[in-house]
Amino acid sequence: GQNIDQPTEMTATEGAIVQINCTYQTSGFNGLFWYQQHAGEAPTFLSYNVLDGLEEKGRFSSFLSRSKGYSYLLLKELQMKDSASYLCAVTDGSSNTGKLIFGQGTTLQVKP
Amino acid sequence: ETGVTQTPRHLVMGMTNKKSLKCEQHLGHNAMYWYKQSAKKPLELMFVYNFKEQTENNSVPSRFSPECPNSSHLFLHLHTLQPEDSALYLCASSRDRDPPYEQYFGPGTRLTVT
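Residues numbered from 1 in each chain as written. Chains lettered and ligands numbered in written order. Predicted model: local features only at pLDDT ≥ 70, side-chain atom pairs only at ≥ 80, totals over all residues. Heavy atoms only, no water.

Undergrad: Got a minute to help me understand the overall build of chain A in this structure?
TA: Across its full length, chain A carries zero helices and 11 strands. In terms of C-alpha radius of gyration, chain A reaches 14 Å, essentially the compact-globule figure of 13 Å for 112 residues. Within chain A, buried positions represent 48% of all 112 residues. Once local pairs closer than 6 in sequence are excluded, the contacts in chain A between residues at least 24 apart make up 56%. When the accessible area of chain A is evaluated, it comes to approximately 5300 Å², of which 46% is carbon and sulfur surface. Distance between charge centroids for chain A: 2 Å, based on 8 positive and 10 negative side chains. (Helix = DSSP H or I, 4+ residues; strand = E, 2+ residues; numbered from the N terminus. Rg over C-alpha atoms; globule rule 2.2 N^0.38 Å. Buried < 20%, exposed > 50% of the residue type's maximum accessible area, 1.4 Å probe, protein only. Contact = heavy atoms within 4.5 Å. Areas by Shrake-Rupley, 256 points an atom, 1.4 Å probe, with all protein chains shown as cover. Lys, Arg positive; Asp, Glu negative; His and termini not counted. Charge placed at Lys NZ, Arg CZ, Asp CG, Glu CD.)

Quick look at the structure:
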């Protein structure tokens, strides 16, 4: 079966660092995406990891461990505008159909 | 503005109505997707089209009928829906289906079935 787990909610303080974890189990794997979705808006792409390790992009970094079925999104120097849902999505590598399987999302609230 | 537009943004329909959702992408992408987003549930893939051909139907009920006349346009025809079909319907596109490319999402259509 296919399963993706991430915490439902997190709270952090402006200026701090927060790590959002994602664990997955899939029958095939061809990469992991992180998307950001503000309330009432469309998801927007943050990062893509297909190899193990850390990918850094400004204040955001994403890590992948394929052997552990684990990823995290690291947000540094938190800003109020970072309050949003963060969606972890895994490609279904067992079929070449472009299928993405999403987790339920982690709602992050940044407080002053 | 992601380059993917959807109309209408809001739709209220009765269970006996027939309506259509429209999606258009201005990015020159070859793959297009329909997703359903319900409250407290993960974003759920419905259909994938690649070069106008359907490559994935994620066990979607037949009351949802997709149409992709060309790589820039995608429709979702709705008929005899149920109240549980009320959700946000998101369209997305990507450069190609494979290898995995980032998907660009439209703003969605908020559908309410009464």
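On we go.
Undergrad: I'm lost on the environment of threonine 2 of chain B in this one. Help?
TA: Residue and element names in this part refer to chain B. With respect to the helices and strands, threonine 2 occurs in the segment before strand 1 (4-7). Judged by relative accessible area, which is 25%, threonine 2 ranks as partly exposed. As for threonine 2 and histidine 26, which are separated by 24 residues in sequence, their C-alpha atoms are 9.0 Å apart. Sequence-distant contacts of threonine 2, defined by excluding residues within four places in its chain, comprise Leu27, Tyr104, Phe105 and Gly106.

Undergrad: Please explain the state of the cysteines as it appears in this structure.
TA: Covalent bonding between the sulfur atoms of two cysteines defines a disulfide. Applying the stated rule across the entire model yields two disulfides over all chains. Here cysteine 22 of chain A connects covalently by a disulfide to cysteine 88 of chain A, the sulfurs 2.0 Å from one another. Here the S-S torsion is close to -70°, and the disulfide linking cysteine 22 of chain A with cysteine 88 of chain A is therefore left-handed. Here the residue cysteine 22 of chain A occupies a position in strand 3 (residues 18-25), and cysteine 88 of chain A occupies one in strand 9 (residues 84-92), the gap between them amounting to 66 residues. Residue classification places cysteine 22 of chain A among the buried residues on the basis of a relative accessible area of 0%. Residue classification places cysteine 88 of chain A among the buried positions, given a relative accessible area of 0%. Disulfide pairing is shown between cysteine 23 of chain B and cysteine 91 of chain B; the S-S distance is 1.9 Å. What sets the handedness of the cysteine 23 of chain B and cysteine 91 of chain B disulfide is the S-S torsion sign, and at about -70° it is left-handed. With cysteine 23 of chain B in strand 3 (residues 18-25) and cysteine 91 of chain B in strand 9 (residues 87-94), this residue pair connects regions lying 68 residues apart in the sequence. Across this residue pair, the class does not change: cysteine 23 of chain B and cysteine 91 of chain B are buried. (Disulfide = S-S within 2.5 Å.)

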